[in-house]
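# Residue-level structural notes
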Amino acid sequence: EVIVGILCRDIAWRVKYKRERILGLKCWLYRTRGILQALRTSPYCQDGLIRCIIAPLEDLLNVSSWESEFFSEIELCFDEVKEFTPKPADLSLVASISPSYLTKIQEEFHKDRIIQAKFVLSQNIGYNGTYVGLGSEGVSLRVDGNIFKVFDLVHDRRMLPSEESL
């Protein structure tokens with residue numbers, strides 16, 4: 001994430017970004033270790049808390065390990081990317097792709113979801129639908145002049161439409 005962030009900056013700003021990002025991560029590391037130390041010395045701290053939470057986090061957040069395995073690696077990689085200049089992108093191909101072609105790609109990529117949604121729709125209303133699109137929660141299908149959405153990836157059941165609205 002840090003190296004990609006460096007590459008996203010203009011060459012003149014890369015050293016400053018790297019320095020600020022590393023300092024920010026070091027502040028987070030020391031702040032978190034301080035919280036763990038405060039927990040360990042708290043009168044409410046019990047052996048189970050130390051064994052199950054504090055000790056594993058202290059091992060994970062070992063400063064010398066972070067210095068040798070993370071921060072020093074960023075420094076090594078930085079020498080390779082600090083002067084990197086990408087070739088200009090030719091976006092004419094992307095602009096020439098038709099929306100129907102993109103729909104076909106999406107349809108192929110999500111074939112299993114679409115087949116299952118068509119099956120569910122035909123079981124419930126007796127008609128096979130034509131694929132229209134899909135989103136983060138379901139697949140939209142057209143039957144005659146109506147659009148139906150078959151919910152297949154609901155993250156929160158409260159967001160489903162009620163029986164009455166269906």
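Residues numbered from 1 in each chain as written. Predicted model: local features only at pLDDT ≥ 70, side-chain atom pairs only at ≥ 80, totals over all residues. Heavy atoms only, no water.

## So, helix H2 (residues 14-41)
Compared with an ideal rise of 1.5 Å per residue, which puts 28 residues at 40 Å, H2 spans 41 Å between its outermost C-alpha atoms and is within 8% of the ideal. When we look at burial in H2, the residues that qualify are Arg 14, Tyr 17, Lys 18, Ile 22, Leu 25, Leu 29, Thr 32 and Leu 36. Looking at the buried side of H2, the elements it contacts are helix H1 (2-7), helix H3 (47-60) and helix H4 (63-81). (Helix = DSSP H or I, 4+ residues; strand = E, 2+ residues; numbered from the N terminus. Expected span 1.5 Å × (residues − 1). Buried < 20%, exposed > 50% of the residue type's maximum accessible area, 1.4 Å probe, protein only. Contact = heavy atoms within 4.5 Å.)

## Quick word on the sheet that holds strand E2 (residues 138-143)
Across the sheet, three strands lie side by side as E1-E2-E3; this open sheet has antiparallel pairing. The sheet is open, and its two edges are formed by strand E1 (130-134) and strand E3 (146-151), each paired on a single side. Each neighbouring strand pair of the sheet contributes to a mean axis angle of 30 degrees, computed without reference to strand direction. With respect to the sheet, helix H7 (residues 111-125) is in contact with E1, E2 and E3, its orientation differing from that of E2 by roughly 55 degrees. (Pairing = 2+ DSSP bridges. Axes fitted to C-alpha atoms, helices over the stretch in contact; angles between N-to-C directions.)

## Description of the pattern of salt bridges
Taken as a whole and judged by the stated rule, the model has eight salt bridges. Measuring nitrogen to oxygen at the nearest pair gives 3.4 Å for the salt bridge that ties Glu 67 to Lys 26. With Glu 67 in helix H4 and Lys 26 in helix H2, the pair connects residues that are 41 residues apart, well separated along the chain. Among the residues examined, Glu 67 registers a relative accessible area of 29% and is labelled partly exposed. Its relative accessible area of 23% is what places Lys 26 among the partly exposed residues. Asp 152 is the salt-bridge partner of Arg 113, the closest N and O atoms lying 2.8 Å from each other. (Salt bridge = Lys/Arg side-chain N within 4 Å of Asp/Glu carboxyl O.)

## Looking at the packing of aromatic side chains
By the definition in use, this model includes four aromatic pairs. Ring plane angle 55 degrees and centroid distance 5.5 Å describe the contact between Trp 28 and Trp 66, whose orientation is recorded as tilted. Here Trp 28 is found in helix H2, whereas its partner Trp 66 is found in helix H4, with 38 residues between them in sequence. Relative accessible area serves as the criterion here: at 34%, Trp 28 is assigned to the partly exposed category. Taking 6.1 Å as the distance between ring centres and 45 degrees as the angle between the ring planes, the aromatic pair formed by Trp 66 and Phe 71 counts as tilted. A residue is classified by how much of its surface remains accessible, and Phe 71, at 3% relative accessible area, is buried. Taken together, the ring pairs connect Trp 28, Trp 66, Phe 70 and Phe 71 into an aromatic cluster. Above the ring of Tyr 17, the side-chain terminus of Arg 9 is found at 3.9 Å from the ring centroid. A cation over an aromatic ring shows up here: Lys 26 above the ring of Phe 71, its NZ or CZ 5.2 Å from the ring centre. (Phe/Tyr/Trp six-rings, centres within 6.5 Å; stacked < 30°, edge-to-face > 60°. Lys NZ or Arg CZ within 6 Å of the ring centre and 35° of its normal.)

## Section: the packing of H2 against H4
It is at 12 Å that the axes of H2 and H4 come closest, and there the two elements cross at 170 degrees. By the angle between their directions, the pair H2 and H4 is classed as roughly antiparallel. Facing Arg 14, Val 15, Lys 18, Ile 22, Leu 25, Lys 26, Trp 28, Leu 29, Tyr 30 and Arg 33 of H2, the residues of H4 in contact are Val 63, Trp 66, Glu 67, Phe 70, Phe 71, Ile 74, Glu 75, Phe 78 and Val 81. Partitioning the contact of H2 with H4 into residue classes produces 13 nonpolar, no polar and six charged. (Parallel < 35°, antiparallel > 145°, perpendicular 65-115°, else oblique. Nonpolar A, V, L, I, M, F, W, Y, C, P; charged D, E, K, R; others polar.)

## Some points on the side chain of Arg 113
The topology assignment puts Arg 113 in helix H7. With a relative accessible area of 18%, Arg 113 lands in the buried category.

## A few points about the nonpolar core
By size, the foremost hydrophobic cluster in this structure holds 16 residues, and its most contacted members are Val 2, Ile 6, Leu 29, Leu 61, Trp 66 and Phe 71. The element that contributes the greatest number of residues to this core is H4, accounting for six residues. Setting aside residues no more than four positions away along its own chain, Phe 71 makes contact with Ile 22, Leu 25, Lys 26, Leu 29 and Trp 66. (Core = buried A, V, L, I, M, F, W, Y, C linked by side-chain atoms within 4.5 Å.)

The values reported here are purely geometric and, on their own, carry no functional implication.
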